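Report on the structure
Listed below, chain by chain, are the residues.
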Amino acid sequence: MRPNCSNFNGKLDDRYILEDELSSGASYKIYKARDCHSRQIYAAKVFNKHHYEIENEIKFSSLITQYTKPYFQKYITSSEGRIEYNEEIDKSDIYKYIIFEICSKGDLYDYIKITESGLEEKNCKILFYKILKAIQTMHEIGISHNNIKAQNILFDGESFDIKISDFIASSFSRNENGKKILKTKKVGSDVYMAPEIILGYKYDGEKADIFSLGVLLFFIMNFSPPFPTAKVIKNTNSSQILYSFIKEKKNINLYWDYMEKYKITKKLTKEFKNLFIKMVSYNPKERPTIEQILNDDWLKDITNLKEEEFKKYEQELISELKEREELFNIPE
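In what follows, the accompanying structure is described.

So, how was this worked out
- Residues numbered from 1 in each chain as written.
- Predicted model: local features only at pLDDT ≥ 70, side-chain atom pairs only at ≥ 80, totals over all residues.
- Heavy atoms only, no water.
- 1 Å grid on protein atoms, 1.4 Å probe; cavity = no way out; pocket = protein on both sides within 12 Å on 5 of 7 lines; lining within 4 Å.
- Points joined across faces, edges and corners; volume = space filled by probe spheres on them.
- Helix = DSSP H or I, 4+ residues; strand = E, 2+ residues; numbered from the N terminus.
- Nonpolar A, V, L, I, M, F, W, Y, C, P; charged D, E, K, R; others polar.
- Buried < 20%, exposed > 50% of the residue type's maximum accessible area, 1.4 Å probe, protein only.
- Pairing = 2+ DSSP bridges.

Here we take up the layout of surface pockets. Roughly 210 Å³ of volume is contained in the second largest pocket. In this structure, the second largest pocket is lined by Gln136, His139, Glu140, Arg174, Lys180, Asp204, Glu206, Lys207, Ile210, Thr289, Ile290 and Glu291. Secondary-structure elements contributing two or more residues to the lining of the second largest pocket are α3 (121-140), α5 (205-222) and α9 (290-294). The class makeup of the residues in the lining of the second largest pocket is two nonpolar, three polar and seven charged.

Here the focus is the pairing of strand β3 (residues 28-35). Counting buried positions over the eight residues of β3 gives six, a clear majority of the element. Two strands pair when backbone bridges link them, and strand β2 (residues 16-24) and β3 are joined in this way by six bridges, in the antiparallel orientation. For Leu18, the partnering residue across the bridge sits in β3 and is Ala33. Here β2 folds back onto β3, and the loop between the two strands holds three residues. In terms of strand pairing, β3 meets strand β4 (residues 41-48) through seven bridges, oriented antiparallel. By the bridge assignment for β4, Tyr31 is matched with Ala44. Here β3 folds back onto β4 in antiparallel fashion, the turn holding five residues, of which Arg39 has a positive phi close to 70°.

A few words now on the pairing of strand β8 (residues 153-156). Side chains of β8 alternate between two faces, with Ile153 and Phe155 and Leu154 and Asp156 buried alike. As paired elements, β8 and strand β9 (residues 161-164) share four bridges and run antiparallel to each other. Its bridge partner being in β9, Asp156 is matched across the sheet by Asp161.

Nothing here speaks to function; it is all geometry.
Okay, structure coming up:
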């Protein structure tokens, strides 16, 4: 792939003009792309031609776009073609690419990072509720996301509608008869990865998603991750024994003592702590389903809101996100 550059210019497949680079991963780059014919703006996810991951993303992003509506970055099309560089370098390369709708407000990670603080608790509940409903939709059609993280939660429009993105690692979690499909392939991001994946065991993708959602919840509330990775073996580095406290239930108080002394800047309720610990349980079978999370003591006051009340609460979340968005424009 081309080296990082904030204003890369080129033309993809004689159809899309590539403008600013929006983000990148190990095997791809995402650009703002303008359709030469319609002038419509999209997001172009561009892979090296020989990279296998694109086929999986095409399959699951198109399937999710077909069967679900509001909560996911919409798949538009995919193809392969050449990038012609508008630079002094005279060459063209073959790439495969996917065109998605562009989500104009960026990703959740940036909104948390910009102030280095988590959201207000009520706003955290509203946002997490919406994320849960999105992943619940995936699980209901038998798909696990397998790479849930703040960078893959996008916002779009003036209402900051959430859009789940990045289906490179997604897979079927159930067969056509509804039976669970266990997997062994190591996928996801280390900080969000369930211990059974790290250890190389067969795992249930839906239960691994619940673990990742627990890590995401903690991040939204506190900015810092709950543990660097889900380490399962103690060593002398205090930052890497944190998950061992979770694994050994009798030591959970040691975990909270450490976090409140060094990592947490706000008061966490008992209800929040209880839900988080259940979601990141070492035993996948002990993790709650999304339906159980929605009815948990910490979240049920949001789940039980009437539509008009929910919209009022939602406006408070939008206001906090707008305040953070304004900080992106502060001159250096």
